Amino acid sequence: MKILVIGSGGREHALAWRLARSPRVTTVLVAPGNGGTARGTTGPSARIRNVSTTDIDALAELATTMGVALTVVGPEAPLAAGIVDVFRSRGLRIFGPTQAAAQLESSKDFAKRFMKRHGIPTAESETFSDAAAAHDYVNRRGAPIVVKADGLAAGKGVMVAQTSAEAHAAIDAMLVDNRMGDAGARVVIEDFLDGEEASFIVMSDGQHVLALASSQDHKRLRDGDAGPNTGGMGAYSPAPIVTPTIHARVLREIILPTVQGMAADGIQYTGFLYAGLMIDAKGSPSTLEFNCRMGDPETQPIMLRLKSDLVDLIEHALDGTLDEVEAEWDRRTALGVVLAAAGYPDVPRRGDPVMALPNDTEDCVVFHAGTQLVDGQLVTSGGRVLTVTALGDSVRAAQRRAYDAVAQVRFAGQQYRTDIGHRAMNRRPPATPRD
Ligand code: AMP
Ligand code: GLY
């Protein structure tokens, strides 16, 4: 069968790479893809350039004319724009939440009201469109406090304010100066939560869920979790913080009430569902955010560990029979290091030649994101350029293998963290890893 993956990042390269390994798949098309998918490193694949991920009619036309049997959506923008609704109305099989279901990510106010209504643990919050009322709320609650744009802001809509002054400035930027456009026309202001973050991603068929392996991202640009927030500079799976007890609690207290609560509200949630968690010192999980898609870079290590046929899992999700399957995982740890372009995350430089990429092996794969092929030469074309992802018998072994490969890659101005996996390595005594 022919599969279409929508998106152009490392997440989509990893999804395409895993889907191409299904014996049932003949071709994976990636639209618009990147330099890695164009080079055929996903196996039998092709890149469809010059199509935007939010040009839904063009994508539906493409799926129809190319005889695509199944479409898998990577990023949130097409989901929030209703790609699943349009494909379904045209009789095309597609995996992802509808526009209504994607509101869990596309509106933080929707997500917070939903969580309050269904008793799902999350920080206390209120939503404002009036700046004076928002300032007043910050004055009453004090700092630290977190100010979030309601809508999609490409990872730039959250201000974790250590002081009230920072919170007031963020409110003015969004509600008065309109710096985030419509996305910042309303702000959610919530209490600061302390603890350790983890990413908990499941597949949902609207009723049942299948938990994917746990993972942990590194959001800050520089070693030691310093520097500005980014889309993610590296990730590993499993995340030892997610012990069997915490795993069970997250499913029972957050994931299942979410899928069942959406169904009770008349919105069936089908697709990947990502809960960003804060786990406090006592091991109680709280929901920082929902994403209606897989994470990037979390997908890269997760896909390297997945042994089951991803097409089968997706078909069970589309048929409402996820309770009949289990996912099989490589017992080893997978760890991915992101190499970013000069200038990332503000204004990434493009056009730097990328050289000396190591060949993919069974336990080390280079997933592409901001790359493109220009006259046969691979050059940088975006902020996050590559995720070098490796398997190892321990976090340390996976880390060593990934960094050995990272050391070979050359492009001008490259930035990467040298400490991906530090939390898992510094965990004493080590918790029992659990998927
Ligand atoms: P979000 O997009 O809502 O996940 O926020 C982005 C990042 O901001 C998270 O990954 C956290 O690091 C941080 N953050 C968000 N909400 C909170 C909160 N209530 N308390 C502490 N940190 C937060
Ligand atoms: N790595 C965080 C995200 O995908 O939202």
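This text goes with the structure placed above it.
Quick notes on the rules
- Residues numbered from 1 in each chain as written.
- Chains lettered and ligands numbered in written order.
- Predicted model: local features only at pLDDT ≥ 70, side-chain atom pairs only at ≥ 80, totals over all residues.
- Heavy atoms only, no water.
- Near = heavy atom within 4 Å.
- Polar contact = N/O pair within 3.5 Å; in protein donor to acceptor, adjacent residues only side chain to side chain.
- Areas by Shrake-Rupley, 256 points an atom, 1.4 Å probe, with all protein chains shown as cover.
- Nonpolar A, V, L, I, M, F, W, Y, C, P; charged D, E, K, R; others polar.
- Helix = DSSP H or I, 4+ residues; strand = E, 2+ residues; numbered from the N terminus.
- Buried < 20%, exposed > 50% of the residue type's maximum accessible area, 1.4 Å probe, protein only.
- Phe/Tyr/Trp six-rings, centres within 6.5 Å; stacked < 30°, edge-to-face > 60°.
- Axes fitted to C-alpha atoms, helices over the stretch in contact; angles between N-to-C directions.
- Parallel < 35°, antiparallel > 145°, perpendicular 65-115°, else oblique.
- Left-handed = near helix turned anticlockwise from the far one by under 90°.
- Contact = heavy atoms within 4.5 Å.
- Pairing = 2+ DSSP bridges.
- Arc of directions from axis to C-beta.

What follows deals with the site of ligand 2. Residues in close proximity to ligand 2 include Asp-217, Lys-219, Gly-231, Tyr-274, Asn-291, Arg-293, Gly-295, Asp-296, Pro-297 and Glu-298, which together make up its full environment. Contact distances for ligand 2 include 3.0 Å between an oxygen atom and a side-chain N or O atom of Arg-293. Between ligand 2 and Asp-296 there is a distance of 2.9 Å, counted from a nitrogen atom to a backbone nitrogen or oxygen. In isolation ligand 2 has 200 Å² of accessible area, and contact with the protein removes 91% of it. Residue composition of the shell around ligand 2, grouped by class: two nonpolar, three polar and five charged.

This part covers unusual backbone geometry. Between Ser-237 and the following residue, Pro-238, the backbone shows a cis peptide bond with an omega angle of 0°. By secondary structure assignment, the location of Pro-238 is in the loop between β15 (234-237) and α10 (244-264). With an omega of 5°, the peptide bond running from Tyr-344 to Pro-345 counts as cis. Among the structural elements, Pro-345 can be located in the loop between β18 (333-340) and β19 (364-368). Phi at Asp-225 takes a positive value of approximately 55°, unusual for a residue other than glycine. The topology assignment puts Asp-225 in the loop between β13 (220-222) and β14 (226-229). A residue is classified by how much of its surface remains accessible, and Asp-225, at 24% relative accessible area, is partly exposed. Phi is positive for Asp-375, which is not a glycine, with a value near 50°.

Per the counting criterion, the structure on display carries four aromatic pairs. Pairing Phe-95 with Phe-272 gives two aromatic rings, centres 5.1 Å apart and planes at 80°, and the pair type is edge-to-face. You can see Phe-95 sitting in strand β5 (residues 94-95) and its partner Phe-272 sitting in strand β16 (residues 270-279), a full 177 residues away along the chain. Judged by its relative accessible area of 3%, Phe-272 is buried. A centroid spacing of 6.3 Å and a plane angle of 40° characterise the contact between Tyr-403 and Tyr-416, whose relative ring orientation is tilted. Remark: Tyr-416 occurs in the loop between α13 (395-406) and α14 (422-425) and Tyr-403 occurs in helix α13; sequence separation between them is 13 residues. Since its relative accessible area comes to 32%, Tyr-416 is described here as partly exposed.

A word on the packing of helix α8 (residues 131-141) against helix α9 (residues 164-176). Between α8 and α9, whose axes approach to 10 Å, the crossing angle comes to 165°. With respect to each other, α8 and α9 are oriented roughly antiparallel. Remark: the crossing between α8 and α9 carries right-handed chirality. Across the interface between the two elements, Ala-131, Ala-134, His-135, Val-138 and Asn-139 from α8 touch Ser-164, Ala-167, His-168, Ile-171, Asp-172, Leu-175 and Val-176 from α9. Of the residues that constitute the contact of α8 with α9, the class distribution is seven nonpolar, four polar and one charged.

With that settled, the discussion passes to the pairing of strand β4 (residues 70-73). Here β4 shows a buried face lined by Leu-70 and Val-72 and a second buried face lined by Thr-71 and Val-73. Bridge count for β4 against β5 is two bridges, and the pairing is parallel. Along β5, the bridge assignment pairs Val-72 with Phe-95.

This brings us to helix α3 (residues 56-65). Residues spaced three or four apart along an α-helix point in a common direction, a consequence of the helix completing one turn every 3.6 residues. Those residues of α3 not exposed but buried are Ile-56, Leu-59, Ala-60, Leu-62 and Ala-63. Down the axis, α3 shows its buried residues gathered within 160° of arc, on one side only. The outward face of α3, more than 90 degrees from its buried face, is lined by the exposed residues Asp-57 and Thr-65. Within two residues after α3, Gly-67 carries a phi angle of roughly 65°, on the positive side.

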